[in-house]
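Tertiary structure, described
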Amino acid sequence: MIIAIDGPAASGKSTVARALARRIGAHYLDTGAMYRAVALAALQRGVPLADEHAVATLAGTLSIEFIHADDSPIPTAVLLDNADITTAIRTPAVDDAVSAVARMPEVRAAMVAQQRRIAAEANAIVLEGRDIGTVVFPHAEVKVFLTASAGERARRRHAEMTGRGHSVDEDTVRSGLQRRDHADSSREAAPLTAAEDAVMLDTTGLSVTEVVDAVAALVERVTP
Ligand code: DC
């Protein structure tokens, strides 16, 4: 079973997708981490983000692996060519670079192929991203599009970043999110948009449990 969770940055996708995967015993794939890995590799190796051909060539050579300790359904680490990049892909520098990489059709084709391969190995999997219900798995059994107000999303992402030790102010976080959402929504290749048959869920003011309950109910409806 494929459960697709899409939505803008900081709409609650990761938290909800992880909790849901744990609850129903499904695998979990954070597709954003893959685009972040490509952006990080480009930054580390000095590949100019404006050079689409060079970035796409780089993306085609990278090994991105999700490590599951003790058979946990939730990966405990992300490796890029065997180096642990779990925290390195969550820096403001990667936040700023990732949309430029994610808009490149060749990079997307390489990532989507990997996402489909990973999903094919799982019995049930929760994938979170921007194009899961529209492009990667248009026939997913469950499709959810999470949203939240701009203020709530900025608050959540700010708390997350300060928790990780990055000192940024909330206004900067909010404008960064707006820039990224605009870039992700207006690009030509697989833009951020809700699938016509996705269930829209506004998570503003809802607890994680309330959102997970709502998605789990959708899963139950299609479970034989
Ligand atoms: O979910 P996230 O913030 O970690 O995603 C990082 C970037 O990757 C974001 O700018 C959108 C992009 N992305 C995408 O284009 N397609 C996906 N399936 C997942 C993420």
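Procedures and definitions
- Residues numbered from 1 in each chain as written.
- Predicted model: local features only at pLDDT ≥ 70, side-chain atom pairs only at ≥ 80, totals over all residues.
- Heavy atoms only, no water.
- Buried < 20%, exposed > 50% of the residue type's maximum accessible area, 1.4 Å probe, protein only.
- Helix = DSSP H or I, 4+ residues; strand = E, 2+ residues; numbered from the N terminus.
- Arc of directions from axis to C-beta.
- Contact = heavy atoms within 4.5 Å.
- Near = heavy atom within 4 Å.
- Polar contact = N/O pair within 3.5 Å; in protein donor to acceptor, adjacent residues only side chain to side chain.
- Nonpolar A, V, L, I, M, F, W, Y, C, P; charged D, E, K, R; others polar.
- Pairing = 2+ DSSP bridges.

Buried residues of helix 3 (residues 52-61): Val55, Ala56, Leu58 and Ala59, and no others. Taken end-on, helix 3 shows its buried residues confined to a sector of 160 degrees, consistent with a single buried face. Exposed positions of helix 3 whose direction lies more than 90 degrees from the buried face are His53, Gly60 and Thr61. Where helix 3 is buried, its residues meet helix 2 (31-45), helix 4 (92-102) and helix 5 (105-120).

Here we take up the site of the ligand. In the vicinity of the ligand there are 15 residues, among which Arg36, Arg108, Arg130, Asp131 and Arg187 approach most closely. In the environment of the ligand, an oxygen atom lies 2.8 Å from a nitrogen or oxygen atom belonging to the side chain of Arg108. For the shell around the ligand, the secondary-structure elements that each account for two or more residues are helix 2, helix 4 and helix 8 (170-186). Looking at the shell around the ligand residue by residue, the classes come out as three nonpolar, four polar and eight charged.

Residues Ile64 and Phe66 line the buried face of strand 3 (residues 64-67), whereas the alternating positions Glu65 and Ile67 sit on a face that is not buried. Where strand 3 and strand 4 (residues 77-80) come together, four bridges link them in antiparallel fashion. From the neighbouring strand, Phe66 faces strand 4, where its bridge partner is Val78.

Another point: the side chain of Arg108. Within the secondary structure, Arg108 sits in helix 5. Judged by relative accessible area, Arg108 falls into the buried class, the value being 5%. In this structure the side chain of Arg108 is engaged in a polar contact, spanning 2.8 Å, whose partner is the side chain of Asp131. If sequence neighbours within four positions are ignored, Arg108 has contacts with Tyr35, Ala102, Asp131, Arg187, Ala189 and Ala190.

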